[in-house]
Amino acid sequence: MKQFLSLLILLAATLSAIAQSKLIKADSYLDVRTGKLISPANLLIENGTIKSINPKTLPEGIETVDLTGKILLPGLMDMHVHLDGDFTGSWDYVYKESASQGTVRAVVNAEKTLMAGFTTIRSIGQLHITPELIDVAVSEASDKGMIAAPRIIPSGHMISINGGHGDISLGLAEGLVTVGPNDGIINGKYDAIEAVRYQIKHGAKFIKMHATAGVLSMEDAIGAQQLSNEEMKTVVEEAARHHIKVAAHAHGTEGIKEAIRAGVYSIEHGSIIDEEGIRLMKENGVYLVPTRGLATIIEPMIDKMDPVMAGKAEYVMPIAKQNLKNAIKANVKIAFGTDTPIIPHGKNAIEFAALMECGMNSMEAIQTATTNSAEMLGLTDRGEVKEGLLADIIAVDANPVKDISTLENVKFVMKDGVIYKNEK
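What you are looking at is a predicted structure, and each value in this text was computed from that prediction instead of being measured.

Participant: Explain the overall build of the chain residue by residue, including any values.
Facilitator: Scanning the chain from N- to C-terminus turns up 12 helices and 17 strands. For the C-alpha atoms alone, the extent of the chain along its principal axes is close to 75 × 50 × 40 Å. Buried residues in the chain amount to 58% of all 424 residues. Taking contacts inside the chain between residues at least 6 apart in sequence as the whole, the part at least 24 apart equals 70%. About 17,700 Å² of surface is accessible on the chain, with carbon and sulfur atoms providing 52% of the total. Mean positive and mean negative side-chain charge positions of the chain (41 and 52 charges, respectively) differ by 6 Å.

Participant: Which residues make up the sheet that holds strand β13 (residues 266-269), and what values go with them?
Facilitator: Strand order in the open sheet formed by four strands is β11-β12-β13-β14, with parallel pairing between adjacent strands. Edge positions in the sheet fall to β11 (207-210) and β14 (287-289), since each of these pairs with one other strand and no more. Each strand of the sheet is rotated relative to its neighbour by a mean of 25°, with strand direction disregarded. With four bridges connecting them, strand β12 (residues 246-250) and β13 associate as parallel partners. Bridge pairing in β13 places Ala248 opposite Ile267.

Participant: Lay out the pattern of salt bridges in plain terms, naming residues and giving numbers.
Facilitator: Evaluation of the coordinates by the stated rule reveals 19 salt bridges. The closest approach of N and O atoms between Arg122 and Glu268, which form a salt bridge, is 2.8 Å. Within this pair, whereas Arg122 is found in strand β7 (residues 118-123), its partner Glu268 is found in strand β13, the two being separated by 146 residues in sequence. Classification of Arg122 by relative accessible area gives buried; the value is 0%. The partner of Glu276 in a salt bridge is Lys257, and the shortest N-O contact between them spans 2.8 Å. Here Lys257 lies in helix α6 (residues 253-262) and Glu276 lies in helix α7 (residues 275-284), a separation of 19 residues in the sequence. Since its relative accessible area comes to 29%, Glu276 is described here as partly exposed. With a relative accessible area of 3%, Lys257 lands in the buried category.

Participant: Give me the lowdown on the sheet that holds strand β6 (residues 76-81), citing residues and values where you can.
Facilitator: What the three strands build is an open sheet, ordered β6-β7-β8; its pairing is parallel. Only two strands of the sheet have a single neighbouring strand rather than two, namely β6 and β8 (151-154). The average undirected angle you get between the axes of adjacent strands in this sheet is 15°. With four bridges connecting them, β6 and β7 associate as parallel partners. Bridging from a neighbouring strand, Leu76 pairs with Phe118 of β7. Along the sheet, helix α3 (residues 134-143) makes contact with β7 and β8, crossing β8 at roughly 150°.

Participant: So what's going on with the packing of aromatic side chains? Residues and values would help.
Facilitator: Each pair of aromatic rings is reported with the distance of its centres and the angle of its planes. Applying the stated rule across the entire model yields two aromatic pairs. Relative to Phe352, the ring of Phe336 lies with its centre 4.6 Å away and its plane at 40°, an arrangement referred to as tilted. Taken together, the positions of Phe336 in the loop between α9 (307-329) and α10 (350-357) and Phe352 in helix α10 put the pair 16 residues apart, joining distant regions of the chain. When sorted by exposure, Phe336 lands in the same class as Phe352, which is buried. Through a chain of ring-to-ring contacts, the aromatic side chains of Phe118, Phe336 and Phe352 assemble into a single cluster. Of note, Arg122 hangs over the ring of Phe206, and the distance from its end group to the ring centre comes to 4.6 Å.

Participant: An account of the nonpolar core is needed here, citing residue identities and associated values.
Facilitator: One recurring pattern in soluble globular proteins: nonpolar side chains tend to sit buried together. Core analysis: the largest hydrophobic core is formed by 73 residues, its most contacted members being Ile207, Met209, Val264, Ile267 and Phe352. Once you skip the residues sitting within four places of it in the chain, Phe352 turns out to touch Leu76, Phe118, Phe336, Ala365, Ile366, Ala369, Ile404 and Leu407. Counting 19 residues, the second largest nonpolar core, distinct from the first, contains Ala295, Ile297, Met301 and Ile302.

Participant: Hey, could you go over helix α4 (residues 189-201) for me, with residue numbers and the actual values?
Facilitator: When the terminal C-alpha atoms of α4 are compared, their 18 Å separation across 13 residues agrees well with the 18 Å that a helix rising 1.5 Å per residue should span. For α4, the full list of buried residues reads Ala192, Ile193, Ala195, Val196, Tyr198, Gln199 and Ile200. Contacts made by the buried residues of α4 are with β10 (185-186), β11 and α5 (229-241). The positive-phi residue at the C-terminal boundary of α4 is Gly203, with phi of around 110°.

Rules used in this analysis
- Residues numbered from 1 in each chain as written.
- Predicted model: local features only at pLDDT ≥ 70, side-chain atom pairs only at ≥ 80, totals over all residues.
- Heavy atoms only, no water.
- Helix = DSSP H or I, 4+ residues; strand = E, 2+ residues; numbered from the N terminus.
- Buried < 20%, exposed > 50% of the residue type's maximum accessible area, 1.4 Å probe, protein only.
- Contact = heavy atoms within 4.5 Å.
- Areas by Shrake-Rupley, 256 points an atom, 1.4 Å probe, with all protein chains shown as cover.
- Lys, Arg positive; Asp, Glu negative; His and termini not counted.
- Charge placed at Lys NZ, Arg CZ, Asp CG, Glu CD.
- Pairing = 2+ DSSP bridges.
- Axes fitted to C-alpha atoms, helices over the stretch in contact; angles between N-to-C directions.
- Salt bridge = Lys/Arg side-chain N within 4 Å of Asp/Glu carboxyl O.
- Phe/Tyr/Trp six-rings, centres within 6.5 Å; stacked < 30°, edge-to-face > 60°.
- Lys NZ or Arg CZ within 6 Å of the ring centre and 35° of its normal.
- Core = buried A, V, L, I, M, F, W, Y, C linked by side-chain atoms within 4.5 Å.
- Expected span 1.5 Å × (residues − 1).

Spelled out as structure tokens, the structure:
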């Protein structure tokens, strides 16, 4: 009887292992380090990882996923996403929506992002004025398999000065909405400490701060430094005590350089960076997340935008394009970011062509969303199609090295060994 039970247990375990295992058969996969296509591409997937590539033997009865005619890549990564937002020229809805409504919006947008082939994202600050950290809730739901979503690295509330770019109450009647350090709005060193600790306490895995003014907000300036040098240094030091990295929204020249000196890991946008700023980024190993593709979305809607936003956008976009060309030519480390919802959720891959317009070749652009992003995050378990790494895999119809636009039409998406999309 014991032997019979042992056999049953062994059989159940074997069947379970087979059920969890899959063999993906495609024409080839892209080695994102070299740009070469490797053929054939037979990937054995077990327990959410790439067990082996082109194995000599296979378990009997294994499920085969036929992707004949397709080319595989690692799941893409977007380092600048606002999940709880949608943009049509204004942010009016965020004043009206509750945390639950913002969470529903974020869940919908997360699924769009995953179906576009982005299996890891950095949620770089929520837009809704709520005590709850929406991106943390969606991240935890994704990790538990409750929703179709990428792996999400949440930031919680953006840290900004009172009346600054991240102050979503700017433009509202005074007293209509009260914001403070829990919401990321600070005035001084001790507020900065409180704001960072609150975000981390409630689940933030990255901190976002606004070193300078911005474009799509109601303050008049765009390049003016907003957080003081002391406030930025305090944010970085407090986050570092918790082994958390900091990203800095920074358009203006001096604010970019002061954020680098404060110790940030990435500069978001970097529109008016100068030669010294580029040199400091290289010396300190700081990544630029340029979000260039959004210009193709903003330009057609300029006339529909508030005049304050429209004026700033028209001024900064050509400057930002030239400075990104300068940064690329200087070999600044660049990670992929879209600033969705400016680029609509699910259309993230528009950014690739924008990077190439500024001087990257196709492989360099692909690396921004694979190896570069993984390295910026300090993650060694993703970013390549490689044995032992996470089974976060996408498939496209054409070689993206020759036709980058194929990444705008991803046909197959697997995350953690689970298939979420499989189109012919």
